[in-house]
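# A look at the structure
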Amino acid sequence: MSIKLLWYLTAPDGPYPWDPKGRWKTDFRHLEQLAVTIDRLGYYGALLGTSANESLVVASALISATERMRFLVAQHPGELSPAVLAKYAQTFDAFSNGRLLFNVINGNDAGLAALGVHYPHDERYDFSREYWDAFRRVYAGDTSGYDGKFVKLAPRNSGPSPMGTWNPPTQLPGIPLWGAGTSPAGVAHSVELLDVYLSFANTPPLLGDKFRRVGAEAAKIGRTLEYGTRLQVIVRETEEEAWAQAEWFLSKSSVEHARRSAERQLPPGVTLENYRSDNPIIQKNVDTLLSGRLPSARDLEIYPNVWIGPAWFGFDILGPASGTTLVGSAENVAARLREYAAQGTGAFILSGWPLIDEAHRVADLLFPLLDLDHGFDVPSLGVQAKPRLAPPPKAAAA
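Just so you know, these numbers come straight off a predicted model, no measurement behind them. Counting restarts for each chain: residues are numbered from 1 in the order of the written sequence. Per-residue local features of the predicted model are confined to residues with pLDDT of at least 70, and side-chain atom pairs are confined, for both listing and counting, to 80 or more; whole-chain, interface and lining totals are unaffected and use all residues. To obtain the side-chain values, all non-hydrogen atoms of the structure were included, while hydrogens and water were left out.

### A few points about the side chain of R230
Only DSSP runs of H or I with at least four residues qualify as helices, and only runs of E with at least two residues qualify as strands; both kinds are numbered from the N terminus onward. By secondary structure assignment, the location of R230 is in strand β9 (residues 226–236). Burial classification: accessible surface area is computed with a 1.4 Å probe over protein chains only, and a residue below 20% of its type maximum counts as buried, one above 50% as exposed, and the rest as partly exposed. Residues counted as positive are Lys and Arg, residues counted as negative are Asp and Glu, and His and the chain ends are not counted. Salt bridges are defined as contacts in which a side-chain nitrogen from Lys or Arg sits within 4 Å of a carboxyl oxygen from Asp or Glu. Of the buried charged residues, R230 lacks a salt bridge, with D13 as the closest side chain of opposite charge at 10 Å. From its side chain, R230 meets the backbone oxygen of I349 in a polar contact 3.1 Å long. Residue contacts follow a heavy-atom distance rule, with two residues in contact if any of their heavy atoms lie within 4.5 Å. In this structure, R230 is in contact with Y8, L47, S199, F200, A201, F313, I349, L350 and S351, ignoring residues within four places of it in sequence. Any pair of nitrogen or oxygen atoms within 3.5 Å is treated as a polar contact; in protein, a donor-acceptor pairing is required on top of that, and neighbouring residues in sequence qualify only through side-chain atoms on both sides.

As structure tokens, then:
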């Protein structure tokens, strides 16, 4: 059960960035330092998610600072012509020796409309299929044009002019596409288009169930997918140290922040006051929140080492979502990753705060315990665990 471990390469950063007091100014030099760290430690790659910065621009600027890490770049279809994006990708791959991956983002109605893409929900997926089909053809060197319902490209004459001579493809059969989609239309889109299907984390059995359902849909059209998930991680040498860090993170949150985050998870028309969960742990945490208090760190553990406490991506008090965190000793977190792998997860996009410090900690503590499939020899840090202090001797009986 070999796995791939990726890290997170997106602003902001800081010791607890969900609160402005714990958020650093993350400029280009900071991102460059983070990329060098990810690369030298031996991570498979890193996700460059949506942020104030254009992800492909940031990735391109970091090529020369890195040697082997892959850049998983978030990309909405329609931001650029698929032919223009293909030329960008050809250039990136030529300069980086084929280290580009795309994370296909289909967004929401309002966000895409702001980018000039105006299609209703299900039609967005039809557009995306066509967009990425055209992209793949152009990236692979097809100059015959494209005549689709949404995408129309005229044939391109090859020749000595700058418009005609483009870089050849570096990755064949093409750049791998990663992405997600949970609605029926999203799943249908994913199984036709993607190479790696992503999902926010849940407990290992429930995430495995989801991947198996998606896999069954892919099998209907003769396709096989790989699967990945997104997790925060708090790993330490001992359980006690890890949960102390989780408690500290919790102390940097507030009832108001937890309530706002929970309300964003509610379906339309439901309030926290009338919400009911089938999971008694989650319902107890909601009741605690309604009483004006935060649950304890351990109360937010909904499965061994699976925590729904505060993170930059949310405070998932109603159940696992974008902020799900693994908390525990190196041995226990590694065991949980292996459990996810047994349920079908082959790639893990991890993060911990601050990003550089925790990238080192994960590489030091977890890498030696896992079977990593990164396509190169992962360096051994050669760091020995800190010696454990012996307990003081008991006093002699009187």
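After presenting the structure, the write-up continues.
### Notes on the pairing of strand β8 (residues 196–200)
The buried fraction of β8 is high, at 4 of 5 residues. The pairing criterion for strands is at least two bridges between them, as found by DSSP. In this sheet, β8 lies alongside strand β7 (residues 177–179) in parallel orientation, the contact comprising 2 bridges. Bridge assignment links W178 to a residue of β8, and that residue is V196. In this view, the connection linking β7 to its parallel neighbour β8 by way of helix α6 (residues 184–193) has right-handed handedness. Sheet analysis places β8 next to β9, joined by 5 bridges and oriented parallel. Residue pairing across strands places V196 opposite E226, the latter belonging to β9. Handedness of a crossover is defined as follows: with both strands directed away from the viewer, a clockwise route from the first strand across the helix to the second makes it right-handed.

### Focus: the pattern of salt bridges
One pass over the structure, following the stated rule, counts 18 salt bridges. Residues R137 and D133 are paired through a salt bridge, measuring 3.1 Å at the closest nitrogen-oxygen approach. Of this pair, R137 and D133 both sit in helix α5 (residues 121–139), 4 residues apart, which is roughly one turn of that helix. In this structure R137 comes out as partly exposed when scored by relative accessible area, which is 41%. We classify D133 as partly exposed; its relative accessible area is 26%. We note a salt bridge from E263 to R259, for which the minimum N-O separation is 3.0 Å. Placement of the pair is E263 and R259 together in helix α9 (residues 255–265), with a separation of 4 residues, close to one helical turn.

### Side note on the layout of surface pockets
The method works on a 1 Å grid over the protein atoms by themselves. A cavity is a set of points holding a 1.4 Å probe that cannot get out, a pocket is an open set with protein on both sides within 12 Å along at least five of seven lines, and residues with an atom within 4 Å of a point line them. Grid points are joined across faces, edges and corners, and a volume is the space filled by probe spheres set on the points. Approximately 1,000 Å³ is the volume found for the largest pocket. For the largest pocket, the lining is made up of 39 residues, of which I105, A180, S199, F200 and S322 are closest to its centre. Counting residues per element, the ones that place at least two in the lining of the largest pocket are β4 (100–104), β8, α7 (204–220), β9, α9 and β13 (314–315). Polar here means any residue other than Ala, Val, Leu, Ile, Met, Phe, Trp, Tyr, Cys and Pro, which are nonpolar, and Asp, Glu, Lys and Arg, which are charged; Gly is therefore polar. When its residues are assigned to classes, the lining of the largest pocket shows 17 nonpolar, 17 polar and 5 charged.

### With respect to helix α12 (residues 355–365)
Those residues of α12 not exposed but buried are L355, I356, E358, A359, V362, A363 and L365. If you follow the buried residues of α12, they end up packed against β1 (4–8), α1 (28–41), β9, α11 (330–342) and β15 (347–351).

### Things to note about the packing of aromatic side chains
Pairing of aromatic rings covers Phe, Tyr and Trp, the last counted by its six-membered ring, and requires centre-to-centre distances within 6.5 Å; plane angles under 30 degrees mean stacked, over 60 mean edge-to-face, and any other angle means tilted. Under the criterion given, the structure shown has 22 aromatic pairs. Judged by centre distance (5.5 Å) and plane angle (45°), the ring pair of W7 and Y43 falls under tilted. Of this pair, W7 sits in strand β1 while Y43 sits in the loop between α1 and β2 (45–48), and the two are 36 residues apart along the sequence. With a centroid separation of 6.3 Å and an interplanar angle of 70°, the aromatic rings of Y197 and Y227 are classed as edge-to-face. Residue Y197 is found in strand β8, and its partner Y227 is found in strand β9; the two are separated by 30 residues along the sequence. Of the two residues examined, Y197 and Y227, each falls in the buried class. By the ring-pair criterion, three or more aromatic residues cluster together here, those being F102, Y119, F127, Y131, W132, F135, Y139 and F150. When the ring centre of W166 is taken as origin, the NZ or CZ atom of R156, which lies over that ring, is 3.8 Å away. In this scheme, Lys NZ or Arg CZ marks a charge over a ring once it lies within 6 Å of the ring centre and within 35 degrees of the ring normal.

### Observations regarding the nonpolar core
Nonpolar core, defined: a set of buried Ala, Val, Leu, Ile, Met, Phe, Trp, Tyr and Cys residues in which side-chain atoms within 4.5 Å join the residues together. In terms of nonpolar packing, the biggest core is built from 117 residues, with W7, L9, Y43 and F102 touching the most fellow members. A per-element tally of this core places α5 first, with 7 residues. The residues contacting Y43, other than those within four sequence positions of it, are L5, L6, W7, I38, M69, E358, A359, V362, A363, F367, H374 and F376.

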